[in-house]
Amino acid sequence: MKRVEVGEAWTGVADCRHCVIRDAVLFSGLTEEDFSHLHRPIDQITYRAGARIYDTGDQAATLFTIRSGLVKLTQYLPDGTARIVRLLRKTDLFGLEAMIDEEYPHTATALRDTEVCRLPVDVVRTLSHANSRLFNELMTRWHHAVGTADRWITEFSTGSARDRVVRLLLWLSEKEDDERCELFSREDLGALLGLTTETASRTMAELKRKGFISEPRPNQFLCDTPNLRRLVGM
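These numbers come from a predicted model, not from an experiment.

K.L.:
Help me understand a negative patch on the surface in this model?
P.N.:
A surface patch of negative charge is lined by Asp58, Asp101, Glu102 and Glu103. In this fold, Asp58 is placed in the loop between β3 (52-54) and β4 (62-68). Given a relative accessible area of 31%, Asp58 falls into the partly exposed group.

K.L.:
What am I meant to see in the pairing of strand β2 (residues 42-47) here?
P.N.:
Consecutive side chains of a regular strand alternate in pointing toward one face of the sheet and then the other. Of all six residues making up β2, five are buried, and the element is well covered by its neighbours. Relative to strand β9 (residues 114-120), β2 is paired through five bridges, and the arrangement is antiparallel. Among the inter-strand pairings, Gln44 is bridged to a residue of β9, identified as Cys117.

K.L.:
For this particular structure, what's the right way to read the packing of helix α6 (residues 186-193) against helix α7 (residues 197-209)?
P.N.:
Between two packed helices, what matters for the description is the angle formed by their axes and the separation of those axes. Two elements in contact, α6 and α7, have axes whose closest approach is 8 Å; the angle formed by their N-to-C orientations is 105°. Relative to α7, α6 is oriented roughly perpendicular. Residues Arg186, Glu187, Leu189 and Gly190 of α6 pack against Thr197, Ala200, Ser201 and Met204 of α7. For the contact of α6 with α7, a count of residues per class yields three nonpolar, three polar and two charged.

Definitions and limits used
Residues numbered from 1 in each chain as written. Predicted model: local features only at pLDDT ≥ 70, side-chain atom pairs only at ≥ 80, totals over all residues. Heavy atoms only, no water. Patch = residues over 30% accessible without salt bridge, like charges linked within 9 Å, V, L, I, M, F, W, Y side chains within 5 Å. Areas by Shrake-Rupley, 256 points an atom, 1.4 Å probe, with all protein chains shown as cover. Salt bridge = Lys/Arg side-chain N within 4 Å of Asp/Glu carboxyl O. Lys, Arg positive; Asp, Glu negative; His and termini not counted. Charge placed at Lys NZ, Arg CZ, Asp CG, Glu CD. Helix = DSSP H or I, 4+ residues; strand = E, 2+ residues; numbered from the N terminus. Buried < 20%, exposed > 50% of the residue type's maximum accessible area, 1.4 Å probe, protein only. Pairing = 2+ DSSP bridges. Axes fitted to C-alpha atoms, helices over the stretch in contact; angles between N-to-C directions. Parallel < 35°, antiparallel > 145°, perpendicular 65-115°, else oblique. Contact = heavy atoms within 4.5 Å. Nonpolar A, V, L, I, M, F, W, Y, C, P; charged D, E, K, R; others polar.

Written out as structure tokens, the structure reads:
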């Protein structure tokens with residue numbers, strides 16, 4: 001874990017100077033004077049694929065910004081069934097529940113090697129009360145989170161198994177220049193899309209057989225985006 005003093009974060013020393021998401025993070029609109037009022041460091045930490053970032057019911061004391069990687073948020077039903085309710089990627093802010101609640105409602109797990117900045121919630125609260133720019137940015141992030149949750153319900157939890165898988169492949173590849181996407185286990189794929197592992201595997205195999213996707217390396221896919229979009233009417 002690396003600790004970056006807030007002054008360093010502002011002036012751009014260490015990794016912050018070269019951070020590819022510097023203009024997209026929560027504190028991007030703050031001024032040097034704003035940073036002068038902060039006295040706690042920002043942790044930069046890398047979680048290996050499969051590592052838990054926090055568990056359901058853990059004390060909510062931190063917000064997280066993803067610098068790179070992919071994170072899943074999981075909720076567990078009373079019978080122990082796991083359902084992935086959202087995926088998060090570079091520039092996404094999560095753990096926002098810490099602003100108003102004492103516990104995290106989800107379990108956050110790194111699906112790939114993932115680097116995050118950990119922001120103390122008391123620092124964010126203090127700044128948001130006094131700084132309209134940060135308050136507005138927090139509201140924008142809340143709005144984005146709600147919109148994303150709606151999208152997951154409408155696009156990834158309804159329709160045929162094929163349509164759900166195709167929409168997810170398009171979502172994973174939409175920020176890539178070469179139509180490439182990296183997938184994860186079939187168990188996680190099923191838990192995300194509300195499908196059995198067998199159905200998820202069979203659907204992926206059918207898409208490969210028909211040429212809509214190819215797999216040059218395990219779990220790394222090249223997507224025929226135009227034809228995938230036609231499949232689901234997008």
